Every structure is written in structure tokens, then in C-alpha cells.
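# A structural walkthrough
Read off the chains here:
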Amino acid sequence: EISDKYGVIEPGEYSCYIQMPPGSFSPSPETKSNLIKIKIRAPEGTEKEALELFLEAERLKWTTDRDPEKKALAFSKYMELVDEIPASVYAAKSLRSAWGIYIYSKSSQDRMKIIPVCTKLVENYPNSHYFTLAFTEITDTYKILKDKEGAIRTMKELIEKHPNTKISEEAKRRLKVIEKWNFK
């Protein structure tokens, strides 16, 4: 998934490399990585369906004009993609976009919608580059809602359900921080 990092959205062949500017890490202007060629193909079959669902949700998300019904519909389209095509390359990104709909909501009820979405991402897509961010959103949401008990419960559930994994390791690390929360 390179569209976020590099802005690549159209099928085609792309080349990329990293070139370091002169400085302490790179004493000469010639410091440059190997050239990598990436070929992007148009999605086919279920991946095409997934992309269409994702783009439909994106259109709804960005045309909401604070319309709660359109927000809810966009959210449901993102979740539909994940539920119907969980193996899609767009699934983790769809979960990331879904929680983004309610991330700045002033409604506690809407903010709570973020937690199961982030938890689903953590549990189902632990190798996603959104993994750490999902954990951060879980803890931030509980902190904003001043729900220390809920945060502790969620972290303990993740530890218990996924022993000796990257998930339990991160949940243990977050739990140590959560246990120090003190709301006045």
C-alpha cells in the first residue's frame, strides 16, 4: 500500500530511490539508495470491488458537510469492505479511514465507535503500518472519555486473546502507561 506514502494512485510503472542531502549522515551528494521499480496494476475481481467500496466511502466522507447520516453511511461502507473482503489490500486502510470519521466528534457515543474499529485493525491486521496508530487511538479515546477502567479492560483482553504476540507486547506497554492515569 504505497498510495499514502507516495501519492501513487494510478496504474503504471514507477521508480523510486532515497537520496541523502550532504551533511553529517551523508558526506557527499552522491549518497543515493538503489533504484526500486514498482509496477502498479489496476485491481481486478474482488480487489476491484473493494476499491470501489473504498472510493464510495471516501466520496461520502468528504462530502458530509457535517451531515450525520452521510457520516454514518461512509462509516458503514468502510466497515462493509472489511466485513465482506477482509483479505483485501484496502481493508486496513478502510478501518483507518472509518475511525477518522469520528475522531474529532464531541459526542462520547460517536467517539466510542473508534475503539472497536481500532481493535479490529490491531487484531486482524497486526502487520499493517496503521497498527501502532490504532493502539494510540484506542488509548487516546479512552483518555479523552476519562475511562481508565475501559482502557485497562481492553488492554487486558488483547493480552489474554493474543499471548506472546506483537499485539500482547504492545498492549502490555500501553497498560503500564494507562495504569498511571489520574483524572481529577
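In what follows, the accompanying structure is described. (Residues numbered from 1 in each chain as written. Predicted model: local features only at pLDDT ≥ 70, side-chain atom pairs only at ≥ 80, totals over all residues. Heavy atoms only, no water.)

### A closer look at the packing of helix 2 (residues 45–62) against helix 3 (residues 68–84)
It is the contact of helix 2 with helix 3, at a shortest axis distance of 8 Å, that shows an interaxial angle of 165 degrees. As far as their axial angle goes, helix 3 and helix 2 are roughly antiparallel. Crossing handedness for the pair helix 2 and helix 3: left-handed. Packed against helix 2, whose contacting residues are Ala 50, Leu 53, Phe 54, Glu 56, Ala 57, Glu 58, Leu 60 and Lys 61, the element helix 3 presents Lys 70, Leu 73, Ala 74, Lys 77, Tyr 78, Glu 80, Leu 81 and Glu 84 at the interface. Per-class residue counts for the contact of helix 2 with helix 3 are nine nonpolar, no polar and seven charged. (Axes fitted to C-alpha atoms, helices over the stretch in contact; angles between N-to-C directions. Helix = DSSP H or I, 4+ residues; strand = E, 2+ residues; numbered from the N terminus. Parallel < 35°, antiparallel > 145°, perpendicular 65-115°, else oblique. Left-handed = near helix turned anticlockwise from the far one by under 90°. Contact = heavy atoms within 4.5 Å. Nonpolar A, V, L, I, M, F, W, Y, C, P; charged D, E, K, R; others polar.)

### Description of the environment of Ala 57
Within the secondary structure, Ala 57 sits in helix 2. Those residues within four positions of Ala 57 in sequence are excluded, and the remaining contacts are Ala 74, Lys 77 and Tyr 78.

### Concerning the side chain of Ser 105
Here Ser 105 shows up in the loop between helix 4 (91–102) and helix 5 (108–112). A relative accessible area of 17% means that Ser 105 is categorised as buried. Aside from chain neighbours lying at most four places away, what touches Ser 105 is Asp 110 and Arg 111. (Buried < 20%, exposed > 50% of the residue type's maximum accessible area, 1.4 Å probe, protein only.)

### Brief notes about helix 2
Its 18 residues give helix 2 an end-to-end C-alpha distance of 26 Å, which sits within 8% of 26 Å, the value for a rise of 1.5 Å per residue. Listing the buried residues of helix 2 in full gives Ala 50, Leu 53, Phe 54, Ala 57, Glu 58, Leu 60 and Lys 61. Down the axis of helix 2, the sector holding all buried residues measures 165 degrees, keeping them to one side. In helix 2, the exposed positions angled more than 90 degrees off the buried face are occupied by Arg 59 and Trp 62. Each element contacted by the buried residues of helix 2 is listed here: helix 3 and helix 4. (Expected span 1.5 Å × (residues − 1). Arc of directions from axis to C-beta.)

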